[in-house]
Amino acid sequence: MLRRLLFGLIIMTVFMFGTGCQRPQSNVEENESPPNTVEERNEQKTEETAWTFPLTGMPAKEKAMQRAVAVMINNYPAARPQSGLHKADIVYEVLAEGDITRLLAIYQSEQPDIIGPVRSARDYFIQLSNGFHALYVCHGWSPEAQTLLKSGAADYVNGLFYDGTLFWRDRSRKSPHNSYISFENIKKGAEKNGYAFEEEVKPLPFFTNDLTNTVKATNIDVVYSKRSYAHVHYAYDGTKYVRSSGDELTVDRETNTPIAVENVFVIEATHRIIDDYGRRDIDFTSGGKGYLFQKGTVQEVEWKNVEGRLLPYKSGVPLGFVPGKTWIQVVPNLEQVQYE
């Protein structure tokens, strides 16, 4: 009798412990794989990676609502090295007077602490800026640019009116090569003038081009004149095009960061001298020939002005940019460009 009772107690104990072990296991499985958990995680992951910066195509943590800002950057030899160029999404290099080029740096994905030296406006740079509905930042202006800006052609902040307040002078450099501004001060200038500083920026085309029939091009030379300071060189390092100017690496003044970009787009546009000072008019509306350098290759392309933006086409079909930064070199004649 006693043996039967002991045997029954053992059976009940085993049963109770067995079912007790099963319940935690069941709960773990339910907690790890409840209905829709995997779908929710996929949706969350998709949402996190859905955003990209509109002018670089690079991933963003959230929808980018920073308005584009276009700053006129001095490229005279005495103004080098410049500040903040390494954080520009797009840079246009275009002749101003003589063989001196000026740079239009367009910022959206990054906001440098220091930008400059800032230089005076030209009307065709305002046209390029307006292709991005950018806030235009300059220090001074040509007569044509003054007429455009005063007529309301673009929102702008001009150092002529904020010298010593929003803009400051670097005493280690001589005027007019020493005017600087911060992104924070640009924002203050926008607020002073009642300009919007947040808006949705229309993205550039970013997609994979067919590079099977392209020509290898790992070294690019753009020659604006016989003088060495007017020579631009790009060397492809396997990922990006590293820029030099005047036989010196183009770097950021404060951080010594080299300028390295994913796209080099060279376009040929008609240039015309319009006054005794040597100022130019440049035709950015008619389109023309160009070269598109990507991933160590080159394609002969056409360029078109699409809503103010200069974009590459081939046989009438639009081409995409490689995600990353872009420099656009504007020349009077493609014969000024050599590559190998």
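Source: prediction; values computed, not measured. Residue numbers here run from 1 along each chain, matching the order of that chain's written sequence. Local features in a predicted model are, by the rule used here, given only for residues with pLDDT of at least 70; side-chain atom pairs are given and counted only at 80 or more, and totals for whole chains, interfaces and linings are based on all residues. No hydrogens and no water enter the side-chain calculation; it runs on all heavy atoms of the structure.

## Focus on the overall build of the protein chain
Stage number 1. Numbering of helices and strands runs from the N terminus, with a helix taken as a DSSP run of H or I at least four residues long and a strand as a DSSP run of E at least two residues long. The secondary structure content of the protein chain amounts to 5 helices and 22 strands.
Stage number 2. All accessible areas in this document rest on Shrake-Rupley with a 1.4 Å probe, and a residue is counted as covered only by the protein chains that are shown. Carbon and sulfur atoms make up 52% of the accessible area of the protein chain, which totals about 17800 Å².

## Topic: the pairing of strand β17 (residues 288-294)
It is a general feature of regular strands that their side chains alternate between the two faces of the sheet.
Stage number 1. Relative accessible area decides the class of each residue, using a 1.4 Å probe on protein chains only: under 20% of the type maximum gives buried, over 50% gives exposed, and in between gives partly exposed. With 5 of 7 residues buried, β17 lies mostly within the body of the structure.
Stage number 2. Bridge count between β17 and strand β18 (residues 297-306): 7 bridges; the pairing is antiparallel. From the neighbouring strand, Tyr291 faces β18, where its bridge partner is Glu300.
Stage number 3. Linking two consecutive strands that pair antiparallel, namely β17 and β18, is a turn of 2 residues; a positive phi of about 50° is found at Lys295 within it. Following DSSP output, two strands are said to pair if at least two bridges run between them.

## Points about the environment of Ile259
Stage number 1. Here Ile259 is to be found in the loop between β12 (248-249) and β13 (260-261).
Stage number 2. Distance in space between the C-alpha atoms of Ile259 and Val242 is 5.9 Å, their sequence separation being 17 residues.

## Some details on the side chain of Ser142
Stage number 1. Mapping Ser142 onto the fold places it in the loop between β4 (135-138) and α4 (143-150).
Stage number 2. Here a residue-residue contact requires only that any non-hydrogen atoms of the pair lie within 4.5 Å. Apart from the residues within four sequence positions on either side, Ser142 is in contact with Ala121, Arg122, Asp123 and Arg279.

## A word on the layout of surface pockets
Picture a little ball the size of a water molecule; that probe, rolled over the atoms, points out where space is still empty.
Stage number 1. In this structure, the largest pocket occupies an estimated 190 Å³ of space.
Stage number 2. Note on definitions: the grid is 1 Å and covers protein atoms alone; a cavity is a set of points where a 1.4 Å probe fits but cannot get out; a pocket is an open set with protein on both sides within 12 Å along at least five of seven lines; lining residues have an atom within 4 Å of a point. Forming the walls of the largest pocket are 14 residues, and the residues nearest its centre are Arg80, Pro81, Ser245, Glu248 and Leu249.
Stage number 3. When contributions to the lining of the largest pocket are tallied by element, the ones reaching two or more residues are β11 (241-245) and β12.
Stage number 4. Grid points are joined across faces, edges and corners, and a volume is the space filled by probe spheres set on the points. Size it by volume and the second largest pocket reaches roughly 150 Å³.
Stage number 5. In terms of lining residues, the second largest pocket is bounded by Phe53, Ala60, Lys61, Glu62, Lys63, Ala64, Met65, Gln66, Gln108 and Gln111.

## Observations regarding the packing of aromatic side chains
Stage number 1. Each pair of aromatic rings taken from Phe, Tyr and Trp, with Trp reduced to its six-membered ring, is defined by centres within 6.5 Å and is described as stacked if the planes are under 30 degrees apart, edge-to-face if over 60, and tilted in the remaining cases. What the rule picks out here adds up to 11 aromatic pairs.
Stage number 2. Seen in terms of ring centroids, Trp141 and Phe161 are 5.8 Å apart; in terms of plane orientation they differ by 70°. Their pairing is edge-to-face. Pair noted here: Trp141 is in the loop between β4 and α4 and Phe161 is in the loop between β5 (156-158) and β6 (167-169), with a separation of 20 residues, a long-range link.
Stage number 3. A residue is classified by how much of its surface remains accessible, and Trp141, at 15% relative accessible area, is buried.
Stage number 4. Between the aromatic rings of Tyr236 and Tyr241, the centroid separation amounts to 4.9 Å while the plane-to-plane angle is 45°, which identifies the pairing as tilted. Accessibility assignment for this pair places Tyr236 and Tyr241 in one class, buried.
Stage number 5. We call a charge positioned above a ring when the Lys NZ or Arg CZ atom is no farther than 6 Å from the ring centre and deviates by at most 35 degrees from the ring normal. Geometry around Tyr313 places Lys304 over its ring, the cationic atom sitting 4.5 Å from the centre.

## Here we look at the environment of Val69
Stage number 1. Its place among the elements puts Val69 in strand β1 (residues 69-74).
Stage number 2. Taking relative accessible area as the criterion, Val69 reaches 0% and is therefore assigned buried.
Stage number 3. Val69 sits 63 residues away from Phe132 along the chain, and the two C-alpha atoms are 8.6 Å apart.
Stage number 4. Contact partners of Val69, with chain neighbours within four places excluded, come to Ala105, Ile106, Tyr107, Ala134, Leu135, Val137, Phe183, Ile186 and Phe197.

## What about empty space enclosed by the protein?
Stage number 1. Applying the stated criterion to the full structure yields 2 cavities of 30 Å³ or more.
Stage number 2. Within this model, the largest cavity holds a volume of roughly 60 Å³.
Stage number 3. In this structure, the largest cavity is lined by 13 residues; those nearest its centre are Asn75, Arg80, Thr101, Tyr229 and Ala230.
Stage number 4. Under the scheme applied, nonpolar residues are Ala, Val, Leu, Ile, Met, Phe, Trp, Tyr, Cys and Pro; charged residues are Asp, Glu, Lys and Arg; polar residues are all the others, including Gly. Split into classes, the residues belonging to the lining of the largest cavity amount to 7 nonpolar, 3 polar and 3 charged.
Stage number 5. In this model, the second largest cavity occupies a volume close to 50 Å³.
Stage number 6. Taken together, Ile90, Tyr92, Phe132, Leu204, Leu310, Leu311, Phe321, Thr326 and Ile328 make up the full set of residues lining the second largest cavity.
Stage number 7. Listed by contribution, the elements that provide at least two residues to the lining of the second largest cavity are β2 (90-95), β19 (309-314) and β21 (326-331).
Stage number 8. For the lining of the second largest cavity, a count of residues per class yields 8 nonpolar, 1 polar and no charged.

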